[in-house]
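One-letter residues, chain by chain:
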Amino acid sequence: MIADAGPRFGVRKLTDRVGTWASIVAVAIAIVPLIGLIGFVIQRGGAELSWHFLTTPAPASPDGGLAGGISTPIVGTLIIVGLTCVMGIPLGILSGIYLATSRGGRFTQGVRFACDVIAGLPSILAGILVGAFLLTYDRNQPSALAASVALTLLMFPTVTRATDAALSAIPPELREAALGLGATDAKTVFKVLIPTAASGIVTAIILGIARVAGETAPLLFTLGFLGYPTMNLNPFHGVMPALPGEIYVEISSPFSKDKALALGAAFVLFFIVMFLNLLARAMTYRLSQRTRVV
Amino acid sequence: MTREHYLGQLAGLASGVESMAARVVETIRASVDALEALDVASAKTIIEKDSEIDQARHEIDEQAFVVLATQQPTAIDLRLVMAAWRVGDELERIGDYCSGIAKLTLTMAGEPKGDAMPQIRAMSAITIELLEKAVQAFQDRDEAAAAAVWARDDEVDDLYQDFYRNQIDDMVNHRKRVRRGTYMLWVAHNIERMADRVTNIAEAVAFVATADVATWRSQIEAESVPSSL
Amino acid sequence: MAEAVSAQEVSAWYGKKLAIRDVTLTMEAAKVTALIGPSGCGKSTFLRSINRLHEVIPGARIGGDIFVGKENVYGKGMDPVKVRAKIGMVFQRPNPFPTMSIYNNVASGPRLHGKGIRGKAMDELVEKSLKQAALWDEVKDRLKAPATGLSGGQQQRLCIARALAMKPEVILLDEPASALDPIATFKIEELLLQLKQEYTVVIVTHNMQQAARVADNTAFMLAGQDLVGEMVEYGATQRIFSAPEDPRTQDYITGRFG
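A brief structural summary. (Residues numbered from 1 in each chain as written. Chains lettered and ligands numbered in written order. Predicted model: local features only at pLDDT ≥ 70, side-chain atom pairs only at ≥ 80, totals over all residues.)

Points about the overall build of chain C
At step 1: A tally of regular secondary structure across chain C gives 10 helices and 10 strands.
At step 2: For chain C, the C-alpha radius of gyration of 18 Å lies close to 18 Å, the compact-globule estimate for 258 residues.
At step 3: Reported as C-alpha extents along the three principal axes, the dimensions of chain C are approximately 55 × 45 × 30 Å.
At step 4: Here chain C, with 258 residues, has 50% of them falling under the buried criterion.
At step 5: Restricting the contact set of chain C to residue pairs at least 6 apart, pairs at least 24 apart contribute 69%. (Helix = DSSP H or I, 4+ residues; strand = E, 2+ residues; numbered from the N terminus. Rg over C-alpha atoms; globule rule 2.2 N^0.38 Å. Buried ≥ 20, exposed ≤ 12 C-beta atoms within 10 Å, placed from the backbone. Contact = placed C-beta atoms within 7 Å.)

Written as structure tokens, this is what we have:
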């Protein structure tokens, strides 16, 4: 009886094959732009890479081109992203803890809704908002701090949602185990729940960093980029160079040497983002092996 | 380590049976000795101590009941508990037969002694031997040893039949010995009944060891020489 | 040091819904008491009221008193956190902390309380607790290994060791063996028989044969038509399983329910 497949079986097999191939083709179509982008950046930008490129300050004027490098934008990006983390990570984690451990109610729902809205905020709006609020819009008082604030707005919802999800995914038995031992709620959260959720949280942080490292629009309204900034280590005042901005300025220049610089900078930026993404994946895998719950 | 508490309960049950059996063996010996000597004091003690044998049986009953109610024994453990229950019963009946002999001793006090004792001794000796072997078989869960006991039931039966005929003849020929002879017939009857109970104990051992008493029995019957009776 | 646990007219609510009503019951010191009954009869609710874990659920509350020794767990000013430190609990599914090693799991209780036990003193405490939980021999060579690498039965014994490290007076177990295979179950039962020498043990089980094997005293609970759980009968286990007084008890034990 089983060997007698019948006509329906043949149709099913055919449908299965068609579906499988359709999926493969769709994926291929989706990947092609990515491959194209990678190829373009590596080919054109990779050519610029050199130790000189990475350690020389950015050119101070158009057609400074290859005499310059991207050391200052790299430092600037590090400072800005660093400030963003300092502000965004605690904000995100604490908000996530609140959402995961609250007992529901209007306020919690409101917080969740606000978080979701901010998560979908177009980055240029974040820039305008912060710029207007911190009076940098008129571009008379640009500051890296303002840029960081804008980027924080973009970063922290990711961290909040990941923390909330990771904590909520912990089986209630673990919380009960800690409470049963006589731990207070605070100790339970910080000594048991957070460590267990650590992999999810860390991954979200890395992805958040990867995102804000490349954001350009918020920088426009808080740092301003119509000039060629020199190095400025003061985050509270004054324009600071950053990779996305540098790319924008140099690629807008009509000189080919400047464009070449921009592509080199794009390559570096792309590389950083890819690296962070892969790091996040590796961490997810490794930590999930270690903290598997029965 | 697993289920030590439960295994301890089972061991306690088995040892309860064994110690009760030891007491009963002693009582058989004592009752025959008292009969031979027509020792009234000794006979009275035996009758009093029968209640201790009853008490031992009640303890076995209770222990077995508790194990059944709380431990859900299965397989050989379950058979052991049921066998302990039955063996306790049989031992208590043997104890009653000893009391019966002791009461007959009291009744016969003052009567002249006859010459029946050697045969009574012979019967009781075999009965005691069979009981001891049956208890050993119970300890070892040994159905072959139990089979050996079961097969020898005929020995006591044969002795009893002989004794019965001799006593009747004797009583027919000597009117004055009728009273005493009747009492001795009762004594012999009690001993034959004891041996019968021992056979039941042997069957209980076979039940624990094999769970298939019918096959065990038919094997014995196939191997034994047909009875000369 | 074992103390008796005496519940006086304990009732429990989930929000507006009454779950158990006026349960009165004394669980003897250094003995095992089992709570049996069909699903929904409130036995777990009652168990969690003993260590004040019930009230952690939003909207849940308790009425009545529970005395551990002479102290009323629900007395004025009693800190639930301190109560839970003196009453250990083991749950249905083994729940060792997954980010911690075996050693750290056992040590987690005292550490969470900041008791300042360190070094050799902590080593000894961990060893003693693991020995009491009959797990030491199996893990003594790999104390730093992750707790999640143990089998289910071992993890459950680890949870017991973790509770014992707090040196509680009472140990509560909520269906501790229901997620385990029969051999692991027997090991846990044997362990409880040993633990009762030093602790008062209260166990909820839906396996009444387990209650029969392990408990000195057994309480039978049942939810009536109104879906509110009550205690029907309580007594020595031998008596409950051989000659219960209440016909409902007998119906449940003999499987004539429903």
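What to know about the nonpolar core
At step 1: Counting residues in hydrophobic clusters, the biggest one holds 140 residues, and the most contacted among them are Ala265(A), Ala161(C), Leu172(C), Val202(C) and Ile203(C).
At step 2: It is helix 6 (residues 144-169) of chain A that provides the largest number of residues to this core, a total of 15 residues.
At step 3: Each residue touching Ala265(A), except ones within four places of it in the same chain, is listed here: Ile70(A), Pro73(A), Leu243(A), Glu246(A), Ile247(A) and Glu250(A). (Core = buried A, V, L, I, M, F, W, Y, C linked by C-beta atoms within 7 Å.)

Side note on the interface of chain A and chain C
How big an interface is tends to be stated in terms of accessible area lost as the parts join.
At step 1: Opposite the 22 residues of chain A that make contact, chain C presents 24 residues.
At step 2: The set of elements that each furnish at least two residues to the side of chain A that touches chain C consists of helix 7 (172-180) and helix 8 (185-213) of chain A.
At step 3: In terms of residue count, the dominant contributor to the side of chain A that touches chain C is helix 7 of chain A (7 residues).
At step 4: The residue makeup of the side of chain A that touches chain C, split by class, is 10 nonpolar, 5 polar and 7 charged. (Nonpolar A, V, L, I, M, F, W, Y, C, P; charged D, E, K, R; others polar.)

Description of the packing of helix 7 of chain A against helix 8 of chain A
All names here are of chain A.
At step 1: Contact pair helix 7 / helix 8: the axes reach a minimum separation of 10 Å and the direction vectors enclose 150 degrees. As the angle between them shows, helix 7 and helix 8 are arranged roughly antiparallel. Of the two possible hands of crossing, helix 7 and helix 8 adopt the one that is right-handed. Facing Leu174, Arg175, Ala178 and Leu179 of helix 7, the residues of helix 8 in contact are Thr188, Val192, Leu193 and Thr196.
At step 2: The residue makeup of the contact of helix 7 with helix 8, split by class, is 5 nonpolar, 2 polar and 1 charged. (Axes fitted to C-alpha atoms, helices over the stretch in contact; angles between N-to-C directions. Parallel < 35°, antiparallel > 145°, perpendicular 65-115°, else oblique. Left-handed = near helix turned anticlockwise from the far one by under 90°.)

Details of the interface of chain C and chain B
At step 1: In this complex, chain C contributes 11 residues to the contact, which on the side of chain B involves 12 residues.
At step 2: Of all the secondary structure elements, the ones that give two or more residues to the side of chain C that touches chain B are helix 7 (182-195), helix 8 (208-214) and helix 9 (237-242) of chain C.
At step 3: Partitioning the side of chain C that touches chain B into residue classes produces 4 nonpolar, 4 polar and 3 charged.

Structural notes on the arrangement of the chains
At step 1: Between all 2 pairs of chains that are in contact, chains A and C come out with the most contacts.
At step 2: A gap remains between chain A and chain B, with no contact made and the closest C-alpha atoms lying 25 Å from each other.

Considerations on helix 6 (residues 153-173) of chain B
At step 1: Here helix 6 of chain B contains 21 residues, and its C-alpha end-to-end distance of 31 Å stays within 8% of the 30 Å for a straight helix at 1.5 Å per residue.
At step 2: Those residues of helix 6 of chain B hidden inside the fold are in contact with helix 4 (117-140) and helix 7 (178-210) of chain B. (Expected span 1.5 Å × (residues − 1).)

Some points on the pairing of strand 4 (residues 60-68) of chain C
Side-chain direction in a regular strand flips from residue to residue, so the side chains alternate between the two faces of the sheet.
All names here are of chain C.
At step 1: In this structure, strand 1 (residues 5-14) lies alongside strand 4, joined through 8 bridges in antiparallel fashion. Residue serine 11 lies in a different strand from strand 4, and its bridge partner there is glycine 63.
At step 2: With 2 bridges joining them, strand 4 and strand 5 (residues 71-72) adopt antiparallel strand pairing. Of the residues in strand 5, the one forming a bridge with valine 68 is glutamate 71.
At step 3: Count of turn residues in the strand 4/strand 5 antiparallel hairpin: 2 residues, of which glycine 69 carries a positive phi of about 65 degrees. (Pairing = 2+ DSSP bridges.)

Remarks on unusual backbone geometry
All names here are of chain C.
At step 1: Look at arginine 52: it is not a glycine, yet its phi comes out positive at around 55 degrees.
At step 2: Tracing the backbone through its elements, the reader meets arginine 52 in the loop between helix 1 (43-50) and strand 4.
At step 3: Using a count of 22 C-beta atoms within 10 Å as the deciding quantity, one classes arginine 52 as buried.

Concerning helix 3 (residues 102-112) of chain C
At step 1: Of all the 11 residues making up helix 3 of chain C, 9 are buried; the element is thus mostly covered by neighbouring parts of the structure.
At step 2: Every buried residue of helix 3 of chain C is listed here: Ile102(C), Asn105(C), Val106(C), Ala107(C), Ser108(C), Gly109(C), Pro110(C), Arg111(C) and Leu112(C).
At step 3: Considering only its buried residues, helix 3 of chain C is in contact with helix 7 and helix 8 of chain A together with helix 4 (119-132), helix 5 (136-139) and helix 6 (152-164) of chain C.
At step 4: Looking one or two residues past helix 3 of chain C, Gly114(C) carries a phi angle of roughly 60 degrees, positive in sign.

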